[in-house]
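Chain and residue survey
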Amino acid sequence: KEKFEITKEQQDFMNVILDAYNRHQIPPDVAKKLLQEQYSAEENFLLLTEMATSQVQVLVEFTKNIPGFLSLDHEDQIALLKGSAVEATFLRSAQAFSTKMPSGHTEVLEERIRKSGISEEFMTPMFNFYKSIGELHMVQEEQALLTAITIMTPDRPYVKDQQAVERLQEPMLDILRKLCALHHPGEPQYFARLLGRLTELRTLNHYHAEMLTSWRMNDYKFTPLLCEIWDVQ
Ligand SMILES: Cc1cccc(C)c1Nc1c(-c2c(F)cccc2F)nc2cccc(C)n12
């Protein structure tokens, strides 16, 4: 078999992941509020909190649809979700920010993020990452797979059966490698560039933790779901 040819079962697997990725989207009313609410730091933070909460809900639903996830040890399922929540929501919002948003929304969202009580030192890496994802022009199969691969990272804290997670991540990496060759024929290093983004993503965990702490210090409130997934309060 040609090493780049996608097999029938890989195509079926891809359709499951893509369907799950597209089925769970940010509710339109949250996106609409972006344009309506006024611009105070409090209003912006409330909007972003609502967006973050809905992104985490979408993340949990998407994860449950990754073939094999629900047959993992239950504690490992929680460890994978908590360990990947920042990276997966970052990746998804970066993808949405650079492709899915209607024109004009991106600027409004950027404006609200810049005025929501986040320190400058977090803003720069965040927008650099958004830009670097936008420049990749990923097709949506690649976006969905890269998100699933991020979630199925074996070496998250507290994962007991790392081999079981590796067995789920490896087939997805193989499909992604073939998709990259298929959709970006002129760029043999494209697959490596995608994986390089996952390394950049890991550095954002640190900034995200700092951001949570600084918000907490200023007595900003989160939703129960965000408190649970990111161990705040
Ligand atoms: C929805 C959103 C979009 C872009 C930037 C930001 C700051 C947000 N909002 C938050 C994020 C977050 C995220 F959801 C995706 C990407 C990066 C993130 F910092 N994490 C959290 C955690 C507690 C409260 C909020 C408001 N929050």
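What counts, and where the lines are drawn
Residues numbered from 1 in each chain as written. Predicted model: local features only at pLDDT ≥ 70, side-chain atom pairs only at ≥ 80, totals over all residues. Heavy atoms only, no water. Core = buried A, V, L, I, M, F, W, Y, C linked by side-chain atoms within 4.5 Å. Buried < 20%, exposed > 50% of the residue type's maximum accessible area, 1.4 Å probe, protein only. Contact = heavy atoms within 4.5 Å. Helix = DSSP H or I, 4+ residues; strand = E, 2+ residues; numbered from the N terminus. Polar contact = N/O pair within 3.5 Å; in protein donor to acceptor, adjacent residues only side chain to side chain. Near = heavy atom within 4 Å. Areas by Shrake-Rupley, 256 points an atom, 1.4 Å probe, with all protein chains shown as cover. 1 Å grid on protein atoms, 1.4 Å probe; cavity = no way out; pocket = protein on both sides within 12 Å on 5 of 7 lines; lining within 4 Å. Sits in = over half its atoms within 2 Å of the grid points. Nonpolar A, V, L, I, M, F, W, Y, C, P; charged D, E, K, R; others polar. Points joined across faces, edges and corners; volume = space filled by probe spheres on them.

1. Quick word on the nonpolar core
Burial of nonpolar side chains together is a common tendency in soluble globular proteins. Within the largest apolar cluster, 73 residues are counted, with the highest numbers of intra-cluster contacts made by Ile17, Ile66, Phe90, Phe129, Met152 and Met172. The residues contacting methionine 152, other than those within four sequence positions of it, are Ile66, Phe69, Leu72, Leu80, Val165, Leu168, Gln169 and Met172.

2. Comments concerning the side chain of threonine 53
Its location among the elements puts threonine 53 in helix α3 (residues 41–64). The class for threonine 53 is buried, based on a relative accessible area of 11%. Discounting residues that sit within four places of it in the chain, threonine 53 has contacts with Thr223, Leu225 and Leu226.

3. As for the side chain of threonine 89
Mapped onto the elements, threonine 89 comes out in helix α4 (residues 74–100). We classify threonine 89 as buried; its relative accessible area is 8%. Polar side-chain contacts of threonine 89 include one of 2.6 Å to the backbone oxygen of alanine 85. Among the polar contacts listed, one links the side chain of threonine 89 to the backbone oxygen of valine 86, at a separation of 2.9 Å. Threonine 89 has contacts with Gln55, Val56 and Trp230, leaving out every residue within four places of it along the chain.

4. Notes on the site of the ligand
Taken together, 21 residues surround the ligand, and among them Leu48, Thr49, Ala52, His208 and Met211 come closest. Contact distances for the ligand include 2.8 Å between a nitrogen atom and a side-chain N or O atom of histidine 208. Expressed as a share of its isolated accessible area of 500 Å², the protein-covered part of the ligand is 100%. Most atoms of the ligand, that is more than half of them, are within 2 Å of grid points of the largest pocket. Among the secondary structure elements, those contributing two or more residues to the shell around the ligand are α3, α4, α6 (120–134) and α9 (190–217). If you tally residues by element for the shell around the ligand, the top one is α3, at 6 residues. Residues of the shell around the ligand, tallied by class, amount to 16 nonpolar, 5 polar and no charged.

5. Things to note about empty space enclosed by the protein
Inspection of every chain in the model, using the stated rule, returns 2 cavities of 30 Å³ or more. There is about 40 Å³ of room inside the largest cavity. Around the largest cavity, the lining residues are Gln95, Ser98, Thr99, Ile133, Gly134, His137, Met138 and Gln143. Those elements that provide at least two residues to the lining of the largest cavity are α4 and α6. Among the elements that make up the lining of the largest cavity, the one with the highest residue count is α4 (3 residues). Approximately 30 Å³ is the volume found for the second largest cavity.

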